[in-house]
Structure formats: C-alpha cells, structure tokens
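# Understanding the architecture of this molecule
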Amino acid sequence: MTEFLRDFPDDAACLEHLWRTRYAPDGEHAECPKCQEVKPFKRYATKQQRQSWTCTACGHHLHPTAGTIFHRSSTSLRLWFHAMYLMTSTRCGISAKQLERELGVHYKTAWRMFNRIRNELMAEKEPTKQLNGQVEVDETSWGGKPRKKLKGMKEAARFREAKTTVLGMAERGGRVRLRVIASRRGEPLSGAVRANVNPEAILFTDDWMAYKPLRPDYAGHRVINHSLGVYVEGDLHTNTIEGFFGNLKTGMRGTYKKVSKKWLQSYLDEYAWRHNQRFRGQRSMFHLLVEEAAAQ
Ligand SMILES: [Zn+2]
C-alpha cells in the first residue's frame, strides 16, 4: 500500500505513468502520428490543464487516456488506479462493496468501476484459442448447501443437478479456463470441452460418464478412477484443476457472500485472469493490469 501511495500520489502521477507506458518510455519522446517519427513532446501549461502532451514539431496532441476505460470518466484517474490496486493486491480480489468503503465513493460508482476493470481488463485475451498439451478437466457444482438434510441418494442427486455446474480446464504448467455450463451431463459438458480444448491435447479426467464420448476426439484420454477411490497414479491425476477449484471456492466464499448466476462467469474469469498472469513474468498484478488498460 505505501508503495502505491508513493508511486501514485495524485492524478498527475497516474497520467504520467499512462503517458510513459503508452507513448513515451522516457517521458519526453514519442512517435508522433502526424510527423510519423519520434519527436520531443511537451506538456504545455494552459488555463485548463490539458490531459495531453504536444508534439514540439507539429503541435499534435496525444492523450494518454484516449481509448482506455479512464477516458472522459467523471471518476478521477487516481481513484481508478486505486481501485485497480485494491483489486489486484489480494489473492482473492475484493468486492464492489469493499471498494466503496476503501475508496469512499458511492456504491454505484464502485460497482461501475469494478465491472469495467473486471470485464474489460481482466477478460480473457484469446477466448477462442484452445488449451493444448496435457489438459486436466473436471466439473464442480456451485451454490449453497442444502437447507435441510437430504433424504437418500436420489434427493442428493436432485439437489446437485439443480445447482450451477462449473467446468474447469487446466493445462499442466499453463492456462486455466472456467466455464459455467448448463448441465454436468451429455452435450453441454462434452461440447464445452470440445470448444475449449484442442483435439491434439491429452485429456485427464475422472471416470464420470459424461467424459467418455470425448475419447475418440482426442490424442489421448487418461482416466483416473475416482469412483474406486483412486486419486493419483503416477502422472495420472486431476490435482491441478481440483486444487484450483479448492482455492476458488475458499476465496470466493471469503470475498463474496453470495454470487448470483448472472455474475458467476465474470467472477470465474477474474480468478482465471489472476492465475494466468503468472506466465507474464515477475511484474506485480497491479502493473500488469495497468498494462492491460494501456493496451486497450
Ligand atoms: Zn508531430
């Protein structure tokens, strides 16, 4: 937190950071689209302090916020940065309600910022690029515990069926992708796997019957016999995705009391984004998020 306060004390510091990230690494020279070469840029003092830098050769203005979620926002750049910092500074993220409190803004403002940061900056960059390699696939149900004790297997099964199903797919040593699916059975499940996992991949699943039809479509399908109580056999396991589900559930229960079905997919995307950032090197999540904003 003190690091954030030191680096981004005010709007000007945030704007300067965007300027350097997007256009001028040294703060002074940028490629001028009009001159079509690198020129010195200056920030001239005007009566109404402009949010832009000016090419000293031709007078062209560059606006560091143009095209980003911050542009023409009535919320200050400093508040946006602060929100992004808060959303990336904990492993589990924070809720819009927590943002409201921490930033001291109205709930509506917090919610709007929260959604744009999550849906636009944390969205999957290549949602159609299929997972490949060794891919663990598993499904889990999402929703509360039963209010009364369930009578027998049938009632337990009915309760489970009524809950939302989340399909998780994890490349070993790679990306994770999560999808809310309509059912844990048949086409909704196998169709989602086919859409998200490349046929050249080797699938690792448990022995749930809905995975069986996928076998002929993949380079390999290795099945761990969970129903016989076997969980690991050498490299045959689904521990990567199960571990991810475990963290996801703990984290989401801690951060959000209740997530409605309408928002579930975007919460899942936020979690996957967090996880998938670890392949982008040692930079902090906050700086990666600022980079996403600058790249818009
Ligand atoms: Zn110019």
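You'll find the structure just up there.
The rules behind these values
Residues numbered from 1 in each chain as written. Predicted model: local features only at pLDDT ≥ 70, side-chain atom pairs only at ≥ 80, totals over all residues. Heavy atoms only, no water. Core = buried A, V, L, I, M, F, W, Y, C linked by side-chain atoms within 4.5 Å. Buried < 20%, exposed > 50% of the residue type's maximum accessible area, 1.4 Å probe, protein only. Contact = heavy atoms within 4.5 Å. Helix = DSSP H or I, 4+ residues; strand = E, 2+ residues; numbered from the N terminus. Phe/Tyr/Trp six-rings, centres within 6.5 Å; stacked < 30°, edge-to-face > 60°. Pairing = 2+ DSSP bridges. Polar contact = N/O pair within 3.5 Å; in protein donor to acceptor, adjacent residues only side chain to side chain.

Counting 40 residues, the largest nonpolar core has Phe41, Phe70, Phe81, Met84, Leu99, Ile117 and Phe286 as the members making the most contacts within it. With near-sequence residues (within four places) excluded, Ile117 lies in contact with Ile69, Trp80, Ala83, Met84, Met87, Met122 and Leu289. One finds Val135, Met169, Val193 and Leu203 within the second-largest nonpolar core, a separate group that totals 16 residues.

Our focus in this paragraph is unusual backbone geometry. Its identity as a non-glycine residue notwithstanding, Gln36 has a phi of 60°, on the positive side. Counting through the fold element by element, Gln36 comes out in the loop between strand S1 (29–32) and strand S2 (37–42). Gln36 gets classed as exposed once you look at its relative accessible area, which sits at 64%. Notably, Arg72 is not glycine yet its phi reads approximately 55°, a positive angle. Here Arg72 shows up in the loop between strand S4 (61–62) and helix H3 (77–88).

Per the counting criterion, the structure on display carries 15 aromatic pairs. For the pair Phe8 and Phe286, a centre-to-centre distance of 5.5 Å together with 75° between the ring planes defines the contact as edge-to-face. Within this pair, whereas Phe8 is found in the loop between helix H1 (2–7) and helix H2 (11–22), its partner Phe286 is found in helix H10 (residues 285–294), the two being separated by 278 residues in sequence. Taking the centre distance of 6.2 Å and the plane angle of 70° together, the rings of Phe81 and Phe286 count as edge-to-face. With Phe81 in helix H3 and Phe286 in helix H10, this pair connects stretches of sequence that are 205 residues apart. The pair Phe81 / Phe286 is uniform in exposure class, with both members buried. Grouping aromatic residues by their ring pairs yields a cluster made of Phe4, Phe8, Phe70, Trp80, Phe81, Tyr85 and Phe286.

Once that is clear, we can look at the pairing of strand S7 (residues 176–181). For S7, a buried count of five out of six residues is recorded, marking the element as mostly surrounded by other parts of the structure. Two strands pair when backbone bridges link them, and strand S6 (residues 164–171) and S7 are joined in this way by six bridges, in the antiparallel orientation. Within the sheet, the bridge partner assigned to Met169 lies in S7 and is Arg177. If you look at the hairpin formed by S6 and S7, you'll find four residues sitting between the two strands, and Gly173 has a positive phi there, around 70°.

Turning to the side chain of Thr54, a few remarks are in order. Structurally, Thr54 can be placed in strand S3 (residues 53–55). Judged by its relative accessible area of 8%, Thr54 falls in the buried class. Side-chain polar atoms of Thr54 contact the side chain of His61, separated by 3.1 Å.

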